[in-house]
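Descriptive analysis of the structure
Each chain, written out:
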Amino acid sequence: DFKILCNEFYQVKTIQRIEKLFRENEIKDQEEIINGEKVPTLRELISQINWEKLSEGIPVTFHWDIQPENVLVCNRGFQLIDWRHNFAGNTKHGDIYYDFAKLHHALIITHEIIRNNQFNIKVNKSNISYDFFVKSNLLEYKDIFEKFVEEKEYDLHKLKILSALTFLNIAPLHHNPYNKLLYYLGKYNLYKELSNHNNLYKLKREELNISENKI
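All of these numbers come straight from a predicted model, not from anything done at the bench.

Comments concerning the environment of Glu8
Relative to the elements of secondary structure, Glu8 occurs in helix H1 (residues 2–24). For Glu8 and Tyr130, which are 122 residues apart along the polypeptide, the C-alpha to C-alpha distance reads 31 Å.

Right, dumping it as structure tokens:
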């Protein structure tokens, strides 16, 4: 049952969110040059994700938005605030990999950077360029976190795939041009992680049961 919930939360919701972004914004799914690299269509990238493997979650007591601004340093350790109330409708458990992914993506780009407009994105047809301010301490924390994940024998590749999907999922929930930055950042990170992992998650497109009018 939990695997079914994870599939709904990761695959089904991702496709719905991306379709929402395409409907409401001037974004087309096409091959593009993103920050100097040729990136295929998002449909092609999604066809390489092993959703079966991705849905093999680990149910735990969850937070669902464990980003730095929701972590307080206290005298007795740490406290977490502003938690979410359910994971795909489940109020008891969530996938630990989703909490990992939310923390990972927030160590790449933070709400503070967006509030201060410390980012740029330029879209010229199929040529995309973006950049944003990155705090050096968060980069250090991201490296520490990734080492922690590997030391505890979790799947770092799976985490990075979910981190990239997090950017894509939240893109339609934000304002322009921040939504475009999130979309192209998510697409680029997904491309890099799939490319760097020797196609471990690659599946035949016809196995995915994605209809032609989807993405």
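Additional details are given in the paragraphs that follow.
Comments concerning the side chain of Lys180
Turning to its location among the elements, Lys180 is positioned in helix H8 (residues 178–196). In this structure Lys180 is buried but unpaired, with Glu26 as the nearest side chain of opposite charge at 6.3 Å. In terms of polar contacts, Lys180 uses its side chain to reach the side chain of Asn176, at 2.8 Å. Setting aside residues no more than four positions away along its own chain, Lys180 makes contact with Ile27, Ile121 and Val123.

Observations concerning the packing of helix H4 (residues 96–106) against helix H7 (residues 156–170)
Close contact between H4 and H7 brings their axes to 8 Å; oriented N to C, the two are set at 70°. Overall, the two elements H4 and H7 adopt an arrangement that is roughly perpendicular. Read as a crossing pair, H4 and H7 show a hand that is right-handed. Touching Tyr97, Tyr98, Phe100, Ala101, Lys102, His104 and His105 of H4 are Lys158, Leu159, Lys160, Leu162, Ser163, Thr166, Phe167 and Ile170, all from H7.

Quick look at the environment of Asp82
Along the polypeptide, Asp82 turns up in the loop between strand S5 (77–80) and strand S6 (94–95). For Asp82, a relative accessible area of 48% translates into the label partly exposed. With 13 residues separating them along the chain, Asp82 and Glu69 place their C-alpha atoms 9.4 Å apart. Ignoring sequence-local partners within four residues, the contact set of Asp82 consists of His63, Asp65 and Asn70.

Some details on the packing of aromatic side chains
Enumeration over the complete set of coordinates arrives at 17 aromatic pairs. Between Phe9 and Phe87, the ring centres sit 4.5 Å apart and the planes meet at 40°, which makes this aromatic pair tilted. Of this pair, Phe9 sits in helix H1 while Phe87 sits in the loop between S5 and S6, placing them 78 residues apart in sequence. Ring geometry for Tyr97 versus Phe100: centroids 6.0 Å apart, planes at 80°, classification edge-to-face. In this pair, Tyr97 and Phe100 both sit in helix H4, three residues apart, roughly one turn of the helix. Tyr97 gets classed as buried once you look at its relative accessible area, which sits at 5%.

Let's talk about the sheet that holds strand S2 (residues 37–39)
In space, the four strands of this open sheet follow the order S2-S1-S8-S7, with mixed pairing throughout. This sheet does not close on itself; its edge strands, each paired only once, are S2 and strand S7 (119–124). Pairs of neighbouring strands in the sheet enclose a mean axial angle of 25°, with direction left out of account. Examined bridge by bridge, strand S1 (residues 32–34) and S2 share three bridges and lie antiparallel to one another. Bridge assignment links Ile34 to a residue of S2, and that residue is Glu37.

Basis of the calculations
- Residues numbered from 1 in each chain as written.
- Predicted model: local features only at pLDDT ≥ 70, side-chain atom pairs only at ≥ 80, totals over all residues.
- Heavy atoms only, no water.
- Helix = DSSP H or I, 4+ residues; strand = E, 2+ residues; numbered from the N terminus.
- Buried < 20%, exposed > 50% of the residue type's maximum accessible area, 1.4 Å probe, protein only.
- Lys, Arg positive; Asp, Glu negative; His and termini not counted.
- Salt bridge = Lys/Arg side-chain N within 4 Å of Asp/Glu carboxyl O.
- Polar contact = N/O pair within 3.5 Å; in protein donor to acceptor, adjacent residues only side chain to side chain.
- Contact = heavy atoms within 4.5 Å.
- Axes fitted to C-alpha atoms, helices over the stretch in contact; angles between N-to-C directions.
- Parallel < 35°, antiparallel > 145°, perpendicular 65-115°, else oblique.
- Left-handed = near helix turned anticlockwise from the far one by under 90°.
- Phe/Tyr/Trp six-rings, centres within 6.5 Å; stacked < 30°, edge-to-face > 60°.
- Pairing = 2+ DSSP bridges.

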